[in-house]
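What follows is each chain in one-letter form.
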Amino acid sequence: MVVELDLDEARRIAVRAQLLDADRPQGLVGVLERLNLLQLDPTAAVAPSADLVAWSRLGNTYQPLQLDAAVRARHLFELDAFIRPMSQLPAVLGSLAGWPQHRRYREWLEANDSFRRDLLAALRERGESLSRDLPDTAAVGWQSTGWTHDRNVTQMLEFLTLTGEVAIAGRIGRQRLFDLAERVYPAGLVLPEKEEALHQREELRLRASGIVRTGGTIVPGEPYQADNAGVPAVVRGLPGQWRVDPDQLDRPFAGRTALLSPFDRLVHDRVRAEQLFGFEYVLEMYKPAATRRWGYYALPILHNDRLVGKLDATADRKAGRLQVFAVHADEPFTAEITAGLDAELVALAAWLGLELGWTE
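Calculation notes
- Each chain has its residues counted from 1, running along the sequence as written.
- In keeping with the predicted nature of the model, local features appear solely for residues at pLDDT of at least 70, side-chain atom pairs appear and are counted solely at 80 or more, and the whole-chain, interface and lining totals rest on all residues.
- In computing side-chain properties, one takes all heavy atoms of the structure into account and sets aside hydrogens as well as water.
- Here the aromatic set is Phe, Tyr and Trp, taking the six-membered ring for Trp, and pairing holds for ring centres within 6.5 Å; pairs whose planes are under 30 degrees apart are stacked, those over 60 apart are edge-to-face, and all others are tilted.
- We count a stretch as a helix when DSSP gives it H or I for four or more residues in a row; a strand needs E for two or more, and each element gets its number in order from the N terminus.
- The buried label applies to any residue whose accessible area, calculated with a 1.4 Å probe on protein chains only, is under 20% of its type's maximum; exposed applies above 50%, and partly exposed to all values in between.
- A helix's residues, less one, multiplied by 1.5 Å, set its expected span.
- Whether two strands pair depends on DSSP finding at least two bridges between them.
- Every axis in this analysis is a line fitted to C-alpha atoms, fitted for helices over the stretch in contact. Angles between the N-to-C directions lie between 0 and 180 degrees.
- It only takes one pair of heavy atoms within 4.5 Å for two residues to be counted as in contact.
- With respect to orientation, any angle under 35 degrees is reported as roughly parallel, any angle over 145 as roughly antiparallel, any angle of 65 to 115 as roughly perpendicular, and every other angle as oblique.
- Put simply, Ala, Val, Leu, Ile, Met, Phe, Trp, Tyr, Cys and Pro go in the nonpolar bin, Asp, Glu, Lys and Arg in the charged bin, and everything else, Gly too, in the polar bin.
- We define a salt bridge as a side-chain nitrogen of Lys or Arg found within 4 Å of a carboxyl oxygen belonging to Asp or Glu.

**Focus on the packing of aromatic side chains**
For any pair of aromatic rings, the description consists of the separation of the ring centres together with the inter-plane angle of the planes.
Thinking step 1. For the structure shown, the criterion picks out 12 aromatic pairs.
Thinking step 2. For the ring pair Trp55 and Trp351, a centre distance of 5.6 Å and an interplane angle of 20 degrees mean the geometry is stacked. Of the two residues, Trp55 sits in helix H3 (residues 49–58) while Trp351 sits in helix H13 (residues 335–352), which places them 296 residues apart along the sequence.
Thinking step 3. Judged by relative accessible area, which is 2%, Trp55 ranks as buried.
Thinking step 4. Note on Trp108 and Trp142: the rings are 5.2 Å apart at their centroids and 80 degrees apart in plane angle, and the pair reads as edge-to-face. Taken together, the positions of Trp108 in helix H6 (residues 103–111) and Trp142 in the loop between helix H7 (113–126) and helix H8 (152–163) put the pair 34 residues apart, joining distant regions of the chain.
Thinking step 5. Residue class for Trp142 comes out buried when judged on its relative accessible area of 5%.

So, in structure tokens, the structure goes:
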């Protein structure tokens with residue numbers, strides 16, 4: 001049976017699944033259990049993306065130190081630039097069985113097997129370590145046109161986290177601490193078969209998204225698709241096939257105003273955002289300033305079940321101000337939208353410990 005949805009219901013399912021409705025969740029770990037992940041990104045024009053995503057759900061009760069504390073307490077784990085709940089570790093590691101399939105990665109690991117063993121021995125002896133404190137005994141250097149060129153220790157540690165031999169134990173600032181996986185992950189971990197693990201991840205992905213497009217380009221990291229989860233659906237007036245979480249059907253909805261990270265999963269699939277919300281968005285930090293329409297790190301603005309605009313702002317910590325340069329409205333702002341946005345800006349500035357300032 002194919003579920004038929006109108007556009008309003010589809011949007012509300014997406015918003016509610018992402019914990020952005022009026023019923024705010026309680027507790028960071030509980031938020032991660034529902035959202036599956038926080039994506040790590042070093043840009044902090046306002047605040048790091050992972051912290052912004054958590055704040056937009058939890059409000060000012062959330063503080064960034066809670067994230068590292070939860071990793072340290074082994075409630076959460078970090079892998080491949082995502083932080084996830086420890087309950088999902090079996091599905092994630094199970095889905096990586098047989099990694100790497102990529103020939104270049106496999107050949108580099110084979111050529112550097114003694115280097116791999118040296119790193120594991122060093123971690124066993126030293127315990128938690130920064131990459132810079134571990135020996136580089138690579139027989140073949142890592143070749144890249146990017147910043148990873150010849151960063152052999154970092155590259156090997158990255159690979160060993162994906163094979164499940166090494167884990168990230170925590171951080172010192174932005175620097176990761178590595179240790180043997182057996183000291184970080186729960187003892188007696190039983191992994192599902194790869195096919196079952198991939199299916200579990202699809203189910204979790206759909207629960208976090210509420211509704212997803214089928215097909216389309218597979219992005220690296222965490223895909224958007226969940227083609228074999230939930231139930232098939234069509235959205236009246238939109239092309240293509242969809243999958244929907246049946247637990248989200250026929251539920252009441254009450255919305256609120258929220259400021260979102262550019263990496264927020266509500267908008268991360270730009271095609272879905274444009275289809276469901278009529279929301280055009282590009283992260284413009286990589287564009288020359290003169291060609292930007294909305295700003296270096298514009299925050300999408302959610303109001304109830306609509307994405308209504310973008311906020312161009314930056315946290316000027318030296319001046320002690322959250323500086324707002326512009327609000328770009330995608331539709332006329334009502335008094336309710338304006339009041340909701342003003343309240344969110346006040347809350348964001350308070351959370352950052354900054355004064356709120358507007359550019360005339």
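The structure having been displayed, the exposition proceeds.
**Topic: unusual backbone geometry**
Thinking step 1. Cis geometry is adopted by the peptide bond preceding Pro100, which originates at Trp99 and carries an omega value of 5 degrees.
Thinking step 2. Here Pro100 is to be found in the loop between helix H5 (89–95) and H6.
Thinking step 3. For Arg74, which is not a glycine, the phi torsion comes out positive at approximately 65 degrees.
Thinking step 4. Here Arg74 is to be found in the loop between helix H4 (65–72) and strand S3 (76–79).
Thinking step 5. You will see that Asn304, though not glycine, has its phi angle at about 55 degrees, which is positive.
Thinking step 6. Residue placement: Asn304 occurs in the loop between strand S11 (299–303) and strand S12 (306–316).

**Quick notes on helix H10 (residues 194–209)**
Thinking step 1. Here H10 spans 22 Å end to end across 16 residues, near enough to the 22 Å set by a 1.5 Å rise per residue.
Thinking step 2. Looking at the residues trailing H10, positive phi occurs at Gly210, about 85 degrees.

**Focus on the sheet that holds strand S13 (residues 321–329)**
Thinking step 1. Ordered by their spatial adjacency, five strands build an open sheet running S10-S11-S12-S13-S14, and the pairing between neighbours is mixed. The open sheet has two edge strands, strand S10 (257–259) and strand S14 (355–358), and neither has a second partner. On average, each strand axis in the sheet is inclined to that of its neighbour by 30 degrees, with strand direction left out of account.
Thinking step 2. In terms of strand pairing, S11 meets S12 through five bridges, oriented antiparallel. Considered in S12, the bridge of Leu299 is made with Leu311.
Thinking step 3. Set on the sheet, H13 makes contact with S10, S11, S12, S13 and S14; between it and S10 the angle comes to about 45 degrees.

**Focus on the packing of helix H1 (residues 7–17) against H10**
Thinking step 1. The contact between H1 and H10 brings their axes to 6 Å, and the two run at 110 degrees. Relative to H10, H1 is oriented roughly perpendicular. Between H1 and H10, the residues in contact are Ile13, Ala14 and Ala17 and Arg207, Ala208 and Ser209, respectively.

**Regarding the packing of helix H2 (residues 28–35) against H3**
Thinking step 1. Close contact between H2 and H3 brings their axes to 11 Å; oriented N to C, the two are set at 105 degrees. It follows that H2 is roughly perpendicular to H3 by the angle criterion. Side by side, H2 and H3 meet where Leu28, Val31 and Leu35 of the first sit next to Val53, Ala54, Arg57 and Leu58 of the second.
Thinking step 2. The class makeup of the residues in the contact of H2 with H3 is six nonpolar, no polar and one charged.

**A few points about the pattern of salt bridges**
Thinking step 1. The tally for this structure, following the rule as stated, stands at 25 salt bridges.
Thinking step 2. Residue Glu280 is joined to Arg293 by a salt bridge in which the shortest nitrogen-to-oxygen separation is 2.8 Å. Highlighted residues: Glu280 in the loop between helix H12 (270–277) and S11 and Arg293 in the loop between H12 and S11, separated in sequence by 13 residues.
Thinking step 3. Judged by relative accessible area, which is 47%, Arg293 ranks as partly exposed.
Thinking step 4. Salt bridges here are not isolated pairs; linked through shared partners, they connect Asp8, Arg11, Arg12 and Asp305.

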